[in-house]
Amino acid sequence: MVMSHVPVMAREVMDILPLRPGATAVDGTLGLAGHGKMMCERIAPGGLFVGLDWDDEMLAEAQSRLGDVEGVEVRLFRTDYRSLRSKLDLACSEAGRVPEADAVLLDLGLNNAQIEDGDRGISFRQEGDLDMRMDRSKGEPASAVLNRISPIELEKALWNFGDERWAKRIAQVVVDRRKNHPLRTTEDLVDCVLAAVPAAKRDKRIHPATRTFQAIRILVNGELDELDEALADAGRCLAPGGVMVILSYHSGEDRAAKTAIKELVKGGGFEAIYKKPLRPQADEIAVNGKARSAIMRAVRRI
Ligand SMILES: C[S@@+](CC[C@H](N)C(=O)[O-])C[C@H]1O[C@@H](n2cnc3c(N)ncnc32)[C@H](O)[C@@H]1O
């Protein structure tokens, strides 16, 4: 399978990050290295690029895509960006540099290649085992979580992580069905949603299972767990004059980004770069509809 993902708001991200030859740049959500490669090109010669991703497959692909980068020291780690500080320290100490970043990018969520890989069970459009884990070396697949948690916990997750107004009914259908037929595949979950949400009340703009799949993926991967703290910690790795950009794609992520930046500014030594977050331009959305929901915030260390 050819993996592809178009980097979102790349123009805006590259414009605001202080990427110059010799700089230290961190991409905490490397994915297929779309943004990462652009960052490398701008910090050559003499730059240090640190890339993190918790997904083995993404990291392997990114490594090969960054293989032809010249004049930059590239260090990649399979890890959660919650350990950005320790990986930056390690990479900088090995490179004999001050452990500070001039640029940090966090492009949250998941990329197109992960969504379209039927084996991962992330998309309601692809038949497959209901797994959804980004790091499959640990944790429970979505099917195990859905066959175990209480209806209240499930309803809360659907509401909090998916803004799903039919949360209660969907949770009830899942719990009723799993008594005789434990959920196993993406289709099983889609069927539960379709049975719970009356046809006449469905949002015509998106598939009825969109919010449910998003919510369960966030739950399974703990994507919002202490996210605001993790983002603030990443900001504290910046060198004076350094900038951190956060791209988020739904309200839960953006709330965490906003809180993190507020916290950094309140603590002193940081300034928020935009009063209102940036959104993608119409010309970008026209060629990449998946950019539509992006929200970009940025903070600078003074
Ligand atoms: C939107 S994609 C990034 C795409 C990338 N900017 C590009 O241009 O190719 C997000 C990536 O972050 C990774 N990711 C999500 N949450 C993570 C976390 N907590 N720690 C590390 N990686 C994470 C996902 O595996 C995915 O590859």
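Criteria and thresholds
Residue positions are counted from 1 within each chain, in the order its sequence is given. Totals for whole chains, interfaces and linings use all residues, but because this is a predicted model, local features are given only for residues with pLDDT of at least 70 and pairs of side-chain atoms are given and counted only at 80 or more. Side-chain measures were taken over the full set of non-hydrogen atoms in the model, leaving aside hydrogen atoms and water. We call a residue buried when its accessible area falls under 20% of the maximum for its residue type, exposed when it is over 50%, and partly exposed in between, using a 1.4 Å probe and counting protein chains only. Segments assigned H or I by DSSP are reported as helices when at least four residues long, segments assigned E as strands when at least two residues long, and all are numbered from the N terminus. Clockwise travel from the first strand over the helix to the second, with the strands pointing away from the viewer, marks a crossover as right-handed. Strands were regarded as paired on the criterion that DSSP finds at least two bridges between them. Summary of the distance rule: residues count as near a molecule or strand when at least one heavy atom falls within 4 Å of that molecule or strand. Note on areas: Shrake-Rupley, 1.4 Å probe, and residue coverage restricted to the protein chains presented here. Here the nonpolar group is Ala, Val, Leu, Ile, Met, Phe, Trp, Tyr, Cys and Pro; Asp, Glu, Lys and Arg are the charged ones; every other residue, Gly included, is treated as polar. A 1.4 Å probe that fits into a set of points on a 1 Å grid over the protein atoms alone but cannot get out defines a cavity; an open set with protein on both sides within 12 Å along at least five of seven lines defines a pocket, and lining residues are those with an atom within 4 Å of a point. Grid points are joined across faces, edges and corners, and a volume is the space filled by probe spheres set on the points. Each domain's extent was defined by an automatic or database domain assignment. By definition in these notes, contact holds between two residues if any of their heavy atoms fall within 4.5 Å. Two parts lose some accessible area (1.4 Å probe) when they are put together, and adding that loss for both gives the buried area. The term salt bridge refers to a side-chain nitrogen of Lys or Arg lying within 4 Å of a carboxyl oxygen of Asp or Glu. The convention used is that axes are lines fitted to C-alpha atoms, helices contributing only their stretch in contact, and that angles between N-to-C directions extend from 0 to 180 degrees. Convention used here: angles under 35 degrees read as roughly parallel, angles over 145 as roughly antiparallel, angles from 65 to 115 as roughly perpendicular, and any remaining angle as oblique.

## Side note on the pairing of strand S1 (residues 24-27)
Now for step 1: Burial of the side chains of S1 extends over both faces: Thr24 and Val26 are buried on one face and Ala25 and Asp27 on the other.
Now for step 2: Handedness of the crossover joining S1 and strand S2 (residues 47-53) through helix H2 (residues 34-43): right-handed.
Now for step 3: Of the pairings in the sheet, the one linking S1 to strand S4 (residues 101-107) comprises 3 bridges and is parallel in character. When the bridges of S4 are listed, Val26 appears paired with Val104.

## Describing the site of the ligand
Now for step 1: In the vicinity of the ligand there are 25 residues, among which His35, Asp53, Tyr81, Asp107 and Gln114 approach most closely.
Now for step 2: In isolation the ligand has 600 Å² of accessible area, and contact with the protein removes 99% of it.
Now for step 3: Counted by class, the shell around the ligand contains 10 nonpolar, 10 polar and 5 charged residues.

## Structural notes on the layout of surface pockets
Now for step 1: As a volume, the second largest pocket reaches approximately 150 Å³.
Now for step 2: Surrounding the second largest pocket, Ala257, Lys258, Ile261, Lys262, Ala272, Tyr274, Lys275, Lys276, Pro277, Met296, Arg297 and Ala298 form its lining.
Now for step 3: Taken together, the elements giving at least two residues each to the lining of the second largest pocket come down to helix H12 (251-267) and strand S7 (295-301).
Now for step 4: It is H12 that provides the largest number of residues to the lining of the second largest pocket, a total of 4 residues.
Now for step 5: Its residues assigned to classes, the lining of the second largest pocket comprises 7 nonpolar, no polar and 5 charged.

## Things to note about the domain arrangement of the protein
Now for step 1: Taken domain by domain, the protein comprises domain 1 (10-109 + 224-301) and domain 2 (121-221).
Now for step 2: Distance between the C-alpha centres of domain 1 and domain 2: 30 Å.
Now for step 3: Across the contact, 9 residues belong to domain 1 and 11 residues belong to domain 2.
Now for step 4: Counting each side, the surface lost to burial between domain 1 and domain 2 is near 830 Å², with a carbon and sulfur contribution of 46%.
Now for step 5: Its largest share of buried area at the contact with domain 2, domain 1 owes to Trp54, Leu224 and His250, together 53% of the area lost on that side.
Now for step 6: For the interface between domain 1 and domain 2, the tally reads 2 salt bridges.

## Some details on the packing of helix H7 (residues 151-162) against helix H10 (residues 210-221)
Now for step 1: Direction vectors running N to C along H7 and H10 enclose 105 degrees, while the axes themselves pass 8 Å from each other. Relative to H10, the element H7 lies roughly perpendicular. Where H7 approaches H10, its residues Leu154, Ala157, Leu158, Phe161 and Gly162 are matched on the opposing element by Arg211, Thr212, Gln214, Ala215, Ile216, Ile218 and Leu219.
Now for step 2: Residues of the contact of H7 with H10, tallied by class, amount to 8 nonpolar, 3 polar and 1 charged.

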